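Understanding the architecture of this molecule
What follows is each chain in one-letter form.
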Amino acid sequence: VAAKILKSLGETFHGRHTFRQSFTTIAYGLSPLFVCRLLDGFPSVNPWTTWSIGIVLCVAVLYQGLPRVMMPDPPHAFGLYLMNSLLVVLITGLSRFLTDWYLSGHFKPVERVISAIAAKLPF
C-alpha cells in the first residue's frame, strides 16, 4: 500500500517512477523498523519505544535512500522525502495503534468472529 501511494506521490512531483522503484524505497526504508520490532519479544520493552526508535531510523534511511532509488528532480526531492516520511509514520503508527488496541482487548466482537472462522478451518 505504501509503495503504491509513494508511486502516486512521485507522479505529482512531475516524475515517472516505476512500482519497483517505489517498493524498493519503502522496503529499504522500513528495514530499521523491522529490526527494531525484534525487541518486541522482550516483555519489559514498551512497544511504542521500539516503534519510535525504528521510525526515527526509517526517516534517516529514507533521507539517504529516496534520492538514490527514485532519482527525482532535485527541486522536488525534498518534498517527496517529506511526504514519504509522513506517509510511513502514519501507516506504521496506525498499524501499531490497532495492534496495541487488539492485544489490550478492545476488539472483542472482532475476536469472536475471527475465532468462529478459525474453528471452521480444516487444519
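Residues numbered from 1 in each chain as written. Predicted model: local features only at pLDDT ≥ 70, side-chain atom pairs only at ≥ 80, totals over all residues. Heavy atoms only, no water.

What about the pattern of salt bridges?
- The final tally for this structure, using the stated rule, is two salt bridges.
- We note a salt bridge from Arg 37 to Asp 40, for which the minimum N-O separation is 3.0 Å.
- By relative accessible area, which is 42% here, Arg 37 ends up partly exposed.
- Judged by relative accessible area, Asp 40 falls into the partly exposed class, the value being 26%.
- A cluster of three or more residues bridged by salt bridges with shared partners is formed by Arg 37, Asp 40 and Arg 96. (Salt bridge = Lys/Arg side-chain N within 4 Å of Asp/Glu carboxyl O. Buried < 20%, exposed > 50% of the residue type's maximum accessible area, 1.4 Å probe, protein only.)

Quick notes on the packing of helix α2 (residues 19–36) against helix α3 (residues 47–70)
- For the pair α2 and α3, interaxial distance at closest approach is 7 Å and the crossing angle is 155°. One finds that α2 runs roughly antiparallel with respect to α3. α2 and α3 meet at a crossing whose hand is right-handed. Between α2 and α3, the contacting residues are Gln 21, Ser 22, Thr 24, Thr 25, Tyr 28, Gly 29, Leu 30, Pro 32, Leu 33 and Cys 36 on the first element and Thr 50, Trp 51, Ile 53, Gly 54, Ile 55, Leu 57, Cys 58, Val 61, Leu 62, Leu 66, Val 69 and Met 70 on the second.
- For the contact of α2 with α3, the class distribution of residues is 15 nonpolar, seven polar and no charged. (Axes fitted to C-alpha atoms, helices over the stretch in contact; angles between N-to-C directions. Helix = DSSP H or I, 4+ residues; strand = E, 2+ residues; numbered from the N terminus. Parallel < 35°, antiparallel > 145°, perpendicular 65-115°, else oblique. Left-handed = near helix turned anticlockwise from the far one by under 90°. Contact = heavy atoms within 4.5 Å. Nonpolar A, V, L, I, M, F, W, Y, C, P; charged D, E, K, R; others polar.)

Let's talk about the nonpolar core
- In this structure, Leu 6, Ile 26, Leu 30, Leu 66, Leu 80 and Val 88 are the most contacted members of the largest nonpolar core, which totals 17 residues.
- At the level of secondary structure, the elements contributing two or more residues to this core comprise α1 (2–12), α2, α3 and α4 (74–103).
- The dominant element in this core, judged by the number of residues it contributes, is α3, at six residues.
- The residues touching Leu 6, leaving out its near neighbours within four places in the chain, are Ser 22, Thr 25, Ile 26, Leu 66, Met 70, Leu 80, Asn 84 and Leu 87. (Core = buried A, V, L, I, M, F, W, Y, C linked by side-chain atoms within 4.5 Å.)

Things to note about the environment of Arg 68
- Structurally, Arg 68 is set in helix α3.
- The exposure class of Arg 68 is exposed, given its relative accessible area of 64%.
- When the C-alpha positions of Arg 68 and Cys 36 are compared, they lie 24 Å apart, and in sequence the two are 32 residues distant.

Let's talk about the packing of aromatic side chains
- Tallied over the entire structure, the rule returns six aromatic pairs.
- Each ring, one from Phe 19 and one from Phe 23, has its centre 6.3 Å from the other, and the planes form 25°; the classification is stacked. Of this pair, Phe 19 and Phe 23 both sit in helix α2, four residues apart, which is roughly one turn of that helix.
- For Phe 19, a relative accessible area of 43% translates into the label partly exposed.
- When the ring of Phe 78 is compared with that of Tyr 81, the centres are 5.8 Å apart and the planes differ by 40°; the resulting orientation is tilted. Taken as a pair, Phe 78 and Tyr 81 lie in helix α4 at a separation of three residues, close to a single helical turn.
- Of the residues examined, Tyr 81 reaches a relative accessible area of 12% and is grouped as buried.
- Following the ring pairs from residue to residue traces out a cluster consisting of Tyr 63, Phe 78 and Tyr 81. (Phe/Tyr/Trp six-rings, centres within 6.5 Å; stacked < 30°, edge-to-face > 60°.)

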